[in-house]
Amino acid sequence: MKKTYLESARIYDSIISKSKIYLIGDKLLLNLVRKECNGRTSIYEPGCGTGLITEELAKIPNTKVICSDPSKELINGARKRLKKYKNLKIIEKSAVDLEVGSVDLIVMRYVYHHIQDSEKYKFVKTMYSNLKKNGKIIVLDEFLPFYLGSSWWKRSLIMYHDKKSGIALKLNDNLTAECEQESKKLGLAKKDEFKVKFEIFKKQLKKAGFLNIKRILIKHPKLKNSKSLGMYMVIGEKWMKMS
């Protein structure tokens, strides 16, 4: 049976590290994380995959990094990539209910949309629990166009991936175009892909206790309207309660 890109470390790396669209989001994410690390020393990255972003986090001076992923193949790839770094801990386990202790910063890259709908809020609550007071979460992810009710979800999903695939082809990014079509199939089959609209995520963040939630559109320099990509950075904070 053919493996999906989420099941094969080799395919995963080829997509994530070479995609012309996704690399822009990665660059913006890392720039923001480096700024936030001023005075913040501990970072947790759930859903680290093969450790592409984890390696960049580990390079930041005076940081301690924890990363996790439930995929044995992907986490083995991470162990090979990150073996020279002494300031990190790698955990092979789902992040949905994984308590790693209190950290200053949580960095999530295309993780939320791989969490099943029934576990999304539990996952968000766990992230809140893992943060220190005054800690912050930075999320890079994809969200579907707004839809009214679950009956419109399927239409939104198909429209999103077809549009993004078309944009990738225009940008001569055949790898991403192919990935989008596979993601659409996985999403419709409800296997590995569980994308939703941003409003659902925002509601869950608020319910879990996150404050000062911000959403930043990832803009592509060659597109007039980057909203079609549906890629955003989302920032939330865990404030210290005043007595």
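Residues numbered from 1 in each chain as written. Predicted model: local features only at pLDDT ≥ 70, side-chain atom pairs only at ≥ 80, totals over all residues. Heavy atoms only, no water.

### Remarks on the nonpolar core
Core analysis: the largest hydrophobic core is formed by 35 residues, its most contacted members being Tyr44, Phe123, Phe201 and Phe210. Those elements giving two or more residues to this core turn out to be β4 (103-109), α5 (120-129), β5 (131-142), α6 (153-170), α8 (198-208) and β7 (231-238). Every residue in contact with Tyr44, bar those within four places of it in the chain, is listed here: Ile66, Cys67, Ser68, Ala95, Leu98, Val100, Val103, Leu105, Ile106, Val107, Met127 and Asn130. The next biggest cluster of nonpolar side chains, apart from the first, holds 34 residues, and it includes Ala78, Leu140, Ile167 and Leu171. (Core = buried A, V, L, I, M, F, W, Y, C linked by side-chain atoms within 4.5 Å. Buried < 20%, exposed > 50% of the residue type's maximum accessible area, 1.4 Å probe, protein only. Helix = DSSP H or I, 4+ residues; strand = E, 2+ residues; numbered from the N terminus. Contact = heavy atoms within 4.5 Å.)

### A closer look at the packing of aromatic side chains
Where two aromatic rings form a pair, the distance of their centres and the angle of their planes describe that pair. Enumeration according to the criterion identifies 6 aromatic pairs in this entry. Plain terms: the ring middles of Tyr112 and Phe143 are 6.3 Å apart, the flat faces sit at 40 degrees to each other, and that makes the pair tilted. One end of the pair, Tyr112, is in the loop between β4 and α5; the other, Phe143, is in the loop between β5 and α6, with 31 residues separating them in the sequence. For the residue pair Tyr112 and Phe143, the accessibility class agrees, reading buried in each case. Seen in terms of ring centroids, Phe143 and Phe198 are 5.5 Å apart; in terms of plane orientation they differ by 85 degrees. Their pairing is edge-to-face. One end of the pair, Phe143, is in the loop between β5 and α6; the other, Phe198, is in helix α8, and 55 residues separate them in sequence. Note on Phe143: relative accessible area 3%, which makes it buried. (Phe/Tyr/Trp six-rings, centres within 6.5 Å; stacked < 30°, edge-to-face > 60°.)

### A few points about the pattern of salt bridges
When their charged atoms lie close together, side chains carrying opposite charge are able to pair. Evaluated as defined, the whole model comprises 14 salt bridges. Ionic pairing is found between Arg34 and Glu56, a salt bridge with its closest N-O pair at 3.6 Å. Remark: Glu56 occurs in helix α3 (residues 52-59) and Arg34 occurs in helix α2 (residues 22-36); sequence separation between them is 22 residues. Arg34 gets classed as partly exposed once you look at its relative accessible area, which sits at 39%. Looking at Glu56, the relative accessible area reads 23%, which means it is partly exposed. Two residues, Glu180 and Lys164, come together in a salt bridge whose shortest N-O distance is 3.9 Å. (Salt bridge = Lys/Arg side-chain N within 4 Å of Asp/Glu carboxyl O.)

### So, the environment of Cys179
Mapped onto the fold, Cys179 is located in helix α7 (residues 174-188). We classify Cys179 as buried; its relative accessible area is 5%. Between the C-alpha atoms of Cys179 and Ala168, which are 11 residues apart in sequence, the distance is 9.9 Å.

### Remarks on a nonpolar patch on the surface
On the surface, Phe146, Leu148 and Trp152 cluster together to form a nonpolar patch covering roughly 370 Å² of accessible area. Counting through the fold element by element, Trp152 comes out in the loop between β5 and α6. (Patch = residues over 30% accessible without salt bridge, like charges linked within 9 Å, V, L, I, M, F, W, Y side chains within 5 Å. Areas by Shrake-Rupley, 256 points an atom, 1.4 Å probe, with all protein chains shown as cover.)

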